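Here is what each chain is made of, one letter per residue.
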Amino acid sequence: MTDQVMPRYLPIDTYDAESPVLFINTHTELSDMAACAMHRFVVVRDLADTFASLNLKGISDCDLTRVTSAVHLLMREGCAILNVIQARAAQREEGYKTAV
């Protein structure tokens, strides 16, 4: 994505609709995007910490599916945001290289 112009709104593919519904505003401040991604990763980490301390012997398949679906969705969104941050950082670095 570094060698092409990033669209203003980049869809997040969450596999739950035929056409994209959620989009990342790629012109948002990098610090705001990083905070948004970080929030998702913190929620996933905290959830994993909770499950690490529980006895899961009696967990139903349905409950496990719900939890893993939530983790998957949050991770996909966080990673999509990080991809935009990485692409913008690479564009900025490339701009610095050519300006010298």
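Shown above is the structure to which this text applies.
Read on for an overview of the structure. Keep in mind the model is a prediction, meaning the values are calculated, not measured.

## Some details on the overall build of the protein chain
Inference 1: A count of helices and strands for the protein chain gives 2 helices and 2 strands.
Inference 2: Shown N-terminal to C-terminal, the secondary structure of the protein chain runs as helices and strands in the order β-β-α-α.
Inference 3: Compactness check: the protein chain gives a C-alpha radius of gyration of 17 Å against a globular reference of 13 Å for 100 residues, more than 25% above the reference.
Inference 4: Across its three principal axes, the protein chain shows a C-alpha extent of roughly 60 × 30 × 20 Å.
Inference 5: Here the protein chain, with 100 residues, has 18% of them falling under the buried criterion.
Inference 6: Within the protein chain, counting contacts between residues at least 6 apart in sequence, those at least 24 apart form 65% of the total.
Inference 7: On the protein chain, roughly 7400 Å² of surface is accessible, and the fraction owed to carbon and sulfur atoms is 57%.
Inference 8: Of note, the protein chain has its 9 positive side-chain charges centred 4 Å away from the centre of its 13 negative side-chain charges.

## Let's talk about the layout of surface pockets
Inference 1: The computed volume of the largest pocket comes to approximately 170 Å³.
Inference 2: In this structure, the largest pocket is lined by Ile-12, Leu-22, Phe-23, Ile-24, Asn-25, Thr-28, Asp-32, Met-33, Cys-36, Arg-40, Glu-77 and Ile-81.
Inference 3: Elements represented by at least two residues in the lining of the largest pocket include exactly strand 2 (23–25), helix 1 (30–52) and helix 2 (61–99).
Inference 4: For the lining of the largest pocket, the leading source of residues is helix 1, giving 4 residues.
Inference 5: Of the residues in the lining of the largest pocket, the class split is 7 nonpolar, 2 polar and 3 charged.

## Digging into the nonpolar core
Inference 1: One finds Met-6, Leu-10, Ile-12, Ile-24, Leu-30, Met-33, Ala-37, Ala-80, Ile-81, Val-84, Ile-85 and Ala-87 forming the largest nonpolar core, which totals 12 residues.
Inference 2: Of all elements in the fold, only helix 1 and helix 2 reach the threshold of two or more residues within this core.
Inference 3: Per-element tally for this core: the top contributor is helix 2, with 5 residues.
Inference 4: The residues contacting Ile-24, other than those within four sequence positions of it, are Arg-8, Tyr-9, Leu-10, Ile-12, Met-33, Ala-80, Ile-81 and Val-84.

The rules behind the values
Residues numbered from 1 in each chain as written. Predicted model: local features only at pLDDT ≥ 70, side-chain atom pairs only at ≥ 80, totals over all residues. Heavy atoms only, no water. Helix = DSSP H or I, 4+ residues; strand = E, 2+ residues; numbered from the N terminus. Rg over C-alpha atoms; globule rule 2.2 N^0.38 Å. Buried < 20%, exposed > 50% of the residue type's maximum accessible area, 1.4 Å probe, protein only. Contact = heavy atoms within 4.5 Å. Areas by Shrake-Rupley, 256 points an atom, 1.4 Å probe, with all protein chains shown as cover. Lys, Arg positive; Asp, Glu negative; His and termini not counted. Charge placed at Lys NZ, Arg CZ, Asp CG, Glu CD. 1 Å grid on protein atoms, 1.4 Å probe; cavity = no way out; pocket = protein on both sides within 12 Å on 5 of 7 lines; lining within 4 Å. Points joined across faces, edges and corners; volume = space filled by probe spheres on them. Nonpolar A, V, L, I, M, F, W, Y, C, P; charged D, E, K, R; others polar. Core = buried A, V, L, I, M, F, W, Y, C linked by side-chain atoms within 4.5 Å.

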